Every structure is written in C-alpha cells, then in structure tokens.
Amino acid sequence: MKLLKHTKGIVDKIVDKIVDKIVGARKRSAMDKDGELLDPMQKYTTIGEYHVDAEDGTPDGKKFVLTVYQDKDGVLHQGLSSESTTELAPEYVRKYSEKLDRFRDFHDTKTGRRYVVENYLDDFTSEVKKHIRKGKNSVNIGVITDTHFKDKDSVDFYGWNGLQHVQEFSYLDQSGLLNMKAHLGDWIDGSDAGLLGEGELIKLNNSFKSDTLPYLNIKGNHDENDKFDEHHDLKASFPENEFENIMWPDMYRQKNIHYVSRQHGVAYFDFNDIRVISVNTSDLPYILNNKGQKKYDAKITLAVREDQIEEIIEILTRSSNKKIIFMSHANPINRKGSNALKYNGRSLHELLVAFNQREKGRMHASDGEPAEFRLSNDFNFTHVKNARIIAYFCGHRHREDQYRINGIQYILFNCSALMGPKHSLTTKFNKNLKRQIDHNNEAAGYIVNVDLKRHRIQVFGYGAASRRRVYFI
C-alpha cells in the first residue's frame, strides 16, 4: 500500500508539472504580440524560481530572483527579490490578468509605484529641465487632478489605479525640480460606500502629503461621495466636513502655508514674487432633509460662498508686489465668459478683474439665488501696488483647454483617471488618446513653470497630456 501511495504521489507531481507547462505555454502565446512579448519577464509563466538581470528588464538592470507562484484562487503572480537580500518578501510583485492576457507591470511593495513609471518620469523631468530657467521668479508647480480612485481592480477605467497615479506622481517630489505641488480635486470617484470612501481619502492623503515639498489638497465635486448616495437613494454616506477633516489638517499644518482660517480650503504659498492661492468650488452648506439626504448634490452644485469670498478679498488686499495664480477644481467661467459654476462663478471672475483694475466696490449675487449663496462682500483694491492675477488653473472637465479672458489666462488640465476609449463617460479628448493601462498614456500629470523674467508660463505634461504648452504673461 505504501509503495502504491508513494508512486501515485510521484505521478501526480509529474502530471501537475506537465499541466503547468501547458498552461504557461498558452499564456505566453496569448501575451505574444506580433512575435514580441510586452516585456521579457512575461515569458516566465511556469511556477518556479529564475535568475534574471538587465536583459530581462529588471529594476536598474540589477540581478534578481524571479519567483512565479499561484495564489489560492489559481491566479499567477511574479515576485522579484534581490539576489543579495536575505528577506523572504519580494521587493516587486505583479499578477496575471486574464482580461489582458498578460502580467500587469511590477510595482514596489513599499511605495506602490511601478519602476517602469519611475524611469519614465526620470526621462520626463530631464526633458523639462532643458526648457526652464533656474533662478529667482522661475517657479515649478506639480499638478495632478481627477484621479477618481475607486475600489475596483479595473484595467480600462476608474479603479485602484487612481491611488497608484497619486503614488507615482509623488515620485516627482524626489526630482529636486518642484517648488510645490497641487491636487486639483476629485481624488475619489465617490461611488463606494461611505466607510470605503473615507478609507480611500486617507490612503490618498498619506500618499500625496510631503515633508519636503509644499502642497495643496483641493476639493472636487466627487469628494463628498454623493455618487454613492445618488445610486443607492440612502442617507448621506459622508458626515459633515468628512473630506475637510481628512485632507486639510496636514495641509494647513505646513510651515510655509498662509491662510485666514482653516475652514474653507482657501490657502496660499509665496515663492519669490509669485503667490499661489487655492479656491474651493465645492463650497456647499451641509443641509439634510427629513430622510437624512443632502439638499445639495455636490456633483452638480458647484459654488463659492460669501465667507470664502471674504477670505479671498482679504488675501488679495495684502498682495502688493505679487503675480498671482489661482487654483481650484472647476473653472469659474467658460471660454464665452459665462458662469461655469452653479453659483457665483462669474462673480468670482469679476472680483479678480476688479483686483487687476484696482477697483473698489461691493459684490452682489444674481436675483433669485438661494439665501445660502447670496453675496454682500465689500472690496477695496485701490491701495494694492504692483500686483496682478495672471492665471487660473483647474481640472474637472477631463480634457485640456485654455482661454484668456480680461487678461487672466485660464488653463485646464486633463484627468489622471484612466478613461478607456470604450466607456460612455470618456471625453472626446481622451477617446482620441486611446488610453490603456500599463502604457505611457494611462495616467496624466504636469509640471508648470512660471517664469516672470521671461514673461511666460510653460505647461509640461506626461502620459495623457500635451508634452508642452506655452502661454505669455
């Protein structure tokens, strides 16, 4: 009996090995595109250990041990461990995607970043450095927007890749190139349950914040989680000030940040003669009906209110000798000069124009607006010297755009969120880019150089973005 049992075990192992090789061959065939694998280590689909090096496209060309293994669900994984390490856990991991018929890109187990993306961003920053001037009043600002992090392992639309985009964008902190960075909002898609959404914001905040680089966490219209509420017709899934309590305390604690209060998302940084001011275009009152549902849906009710306007006026009044850039999630006006917010977008633009023209006056909201959005702000910019608002940066529209109105240059940035060409929500701008996961156009991010001496703004983009746009101040 023992002999038969032992023989059966050997036969099972041989059969398993043959099946494993057959499965591996089939996967390699599926991954083979026009006779060339997407990356050399895609060919390792048989369970075991392999020695790989620069010829296989390893990180920095170093020698690694590649381990191919299966999880409890039968999904293949690859792990890379340095040949010199004594640690059991791999440094880089990836898994096989049945939908893609290939392995995903390796990501660092500590940072979440893909080393191929780090190499790509190194090349990107090297190219940017060729076009910018070093010295006073040449300031570099990192910009990312609309990451739409969602609890889904999606390979062609919103999903976990939103968090990875933020993690990889933060790699630019190490470039020595940036003076500050900003996320312009829609951190999350807002379509997951409340506790999940809160956890997503915490992960994003931890991935974006920096001890070495000033940063702004700007609120977007999806960051109140109203998409989940709408789909499920339930009580508000976020309590009042949930985004603010997660995302703003670390931001406001920065030693170089200035503010009037910590309540509305208005903050500013100074770099030489350049001042950057943030605005919250999702400035809504938290009012619930008798069912516990919100009166105002943040997704569709973009607004700025009186208290925030008052803080902006106070900051502008103290802005002599500054060239000023505003940043918010949504653009306050469109290219025709019409209101692009539900409430007070046009009023905000007119306030900025009044500042540039050194005017004095009083703001009024349009007739018929709800009491929560009425304005009655006095302003007096007649004593401000040698200052001008030069530009306004925003996201929200999921495309690139620009227009200049009353001397203020509006610049719109594309979404970092993956928008596959086959989805109905994908904008025409992104459909034309045919964005794919694990390709250079999966994400989108920017470095903006503002050079007062050369009187120009240069916008450099990576991924699903224009390589270089130039605007004159």
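Please refer to the structure higher up on the page.
What counts and how
- Residues numbered from 1 in each chain as written.
- Predicted model: local features only at pLDDT ≥ 70, side-chain atom pairs only at ≥ 80, totals over all residues.
- Heavy atoms only, no water.
- Pairing = 2+ DSSP bridges.
- Helix = DSSP H or I, 4+ residues; strand = E, 2+ residues; numbered from the N terminus.
- Axes fitted to C-alpha atoms, helices over the stretch in contact; angles between N-to-C directions.
- Contact = heavy atoms within 4.5 Å.
- Salt bridge = Lys/Arg side-chain N within 4 Å of Asp/Glu carboxyl O.
- Buried < 20%, exposed > 50% of the residue type's maximum accessible area, 1.4 Å probe, protein only.
- Polar contact = N/O pair within 3.5 Å; in protein donor to acceptor, adjacent residues only side chain to side chain.
- Phe/Tyr/Trp six-rings, centres within 6.5 Å; stacked < 30°, edge-to-face > 60°.
- Lys NZ or Arg CZ within 6 Å of the ring centre and 35° of its normal.
- Core = buried A, V, L, I, M, F, W, Y, C linked by side-chain atoms within 4.5 Å.

Participant: For this particular structure, what's the right way to read the sheet that holds strand 9 (residues 215-217)?
Facilitator: Strands belonging to one sheet form pairs held by backbone hydrogen bonds; the direction of such a pair is parallel or antiparallel. Spatially, six strands are ordered 9-8-7-18-19-20 in an open sheet, and the strand pairing comes out mixed. Two strands lie at the open edges of the sheet, namely strand 9 and strand 20 (468-472), each paired on one side alone. Going from strand to strand, the sheet's axes swing by 20° on average, the running direction of each strand aside. Bridge count between strand 7 (residues 138-144) and strand 18 (residues 444-451): six bridges; the pairing is antiparallel. The partner of V143 across the bridge, within strand 18, is Y446. Running over the sheet, helix 3 (residues 161-169) touches strand 7, strand 8 (180-183), strand 18 and strand 19 (456-463) and is turned about 165° from strand 7.

Participant: Mind showing me how you'd approach the pattern of salt bridges here?
Facilitator: Close approach of charged atoms allows side chains with opposite charge to pair. Under the criterion given, the structure shown has 33 salt bridges. As a salt-bridge pair, K130 and E127 come within 3.2 Å of each other at their nearest N and O atoms. By relative accessible area, which is 62% here, K130 ends up exposed. Since its relative accessible area comes to 38%, E127 is described here as partly exposed. Several salt bridges converge on common partners, so that one network encompasses R102, R104, R114, E168, D438 and E442.

Participant: When you look at the side chain of E400 in this model, what are you seeing that I'm missing?
Facilitator: Mapped onto the fold, E400 is located in the loop between strand 15 (388-394) and strand 16 (401-405). A polar contact is formed between the side chain of E400 and the side chain of Y446, at a distance of 2.7 Å. Among the polar contacts made by the side chain of E400, one reaches the side chain of S466 at a distance of 2.5 Å. Apart from residues lying up to four places away in sequence, E400 is in contact with L412, N414, F429, Y446, A465, S466 and R469.

Participant: I would appreciate a short explanation of the packing of aromatic side chains in the present structure.
Facilitator: In this structure the tally under the stated criterion is 24 aromatic pairs. The interplanar angle of 20° and the centroid separation of 6.3 Å between the aromatic rings of F106 and Y115 together place this pair among those described as stacked. For the residue pair F106 and Y115, the accessibility class agrees, reading buried in each case. An angle of 70° between the planes, with centres 5.3 Å apart, marks the rings of F124 and Y462 as edge-to-face. Residue F124 is located in helix 2 (residues 115-129), and its partner Y462 is located in strand 19; the two are separated by 338 residues in the primary sequence. For the residue pair F124 and Y462, the accessibility class agrees, reading buried in each case. Taken together through their ring pairs, the aromatic side chains of F64, Y92, F106 and Y115 make up a single cluster. Lying across the ring of F355, R358 places its NZ or CZ 5.2 Å from the centre.

Participant: Can you walk me through the sheet that holds strand 10 (residues 268-271) in this structure?
Facilitator: The strand order across the open sheet built from six strands is 10-11-12-15-17-16, with neighbouring strands paired in mixed fashion. The open sheet has two edge strands, strand 10 and strand 16, and neither has a second partner. Each adjacent strand pair in this sheet contributes to an overall mean axis angle of 15°, direction not counted. Pairing geometry for strand 15 and strand 17 (residues 408-412), over four bridges, is parallel. Bridge pairing in strand 17 links A391 to Q409. Taken strand by strand, helix 8 (residues 345-356) contacts strand 12 (323-327), strand 15, strand 16 and strand 17, and its axis lies near 155° from that of strand 15.

Participant: For this particular structure, what's the right way to read the nonpolar core?
Facilitator: One recurring pattern in soluble globular proteins: nonpolar side chains tend to sit buried together. I141, L216, M327, F393, F413 and V450 are the most contacted members of the largest nonpolar core, which totals 60 residues. When residues of this core are assigned to their parent elements, the largest contribution, six residues, is made by helix 6 (residues 242-252). Other than its neighbours up to four places away in sequence, I141 contacts L178, M180, V276, I325, M327, F393, Y446, I447, V448 and V450.

Participant: Which parts of the structure should I look at to understand unusual backbone geometry?
Facilitator: Peptide bonds are trans in most cases, and residues, glycine excluded, mostly fall at negative phi. Positive phi values are uncommon outside glycine, yet R358 reaches one of about 55°. For R358, the position within the fold is in the loop between helix 8 and strand 13 (360-362). Accessibility expressed as a relative area gives 22% for R358, which makes it partly exposed. With a phi angle near 60°, H455 is a residue other than glycine that sits in the positive phi range. For H455, a relative accessible area of 48% translates into the label partly exposed.

Participant: Would you take a moment to explain the environment of P59 for this structure?
Facilitator: Considering the arrangement of structural elements, one finds P59 in the loop between strand 1 (48-52) and strand 2 (64-70). Residue P59 is classed as buried on the basis of its relative accessible area, which comes to 4%. Once the C-alpha coordinates of P59 and V116 are considered, the two residues, 57 residues apart in sequence, prove to be 8.0 Å apart. Other than its neighbours up to four places away in sequence, P59 contacts F64, L80, Y92 and Y115.

Participant: Looking at this model, I keep getting lost on the environment of S81. Mind explaining?
Facilitator: Summarising the element assignment, S81 is placed in strand 3 (residues 76-82). A relative accessible area of 12% means that S81 is categorised as buried. A C-alpha to C-alpha distance of 21 Å links S81 and R102, two positions 21 residues apart in sequence.

Participant: Looking at this structure, I do not really get the pairing of strand 17. What am I missing?
Facilitator: Along any regular strand the residues' side chains alternate between the sheet's two faces. The element strand 17 is largely enclosed, with a buried count of five among its five residues. As paired strands, strand 16 and strand 17 are joined by five bridges and run antiparallel to one another. By the bridge assignment for strand 17, I405 is matched with I408. Counting the residues in the hairpin turn of strand 16 and strand 17 gives two residues, including N406, whose phi is positive at 55°.

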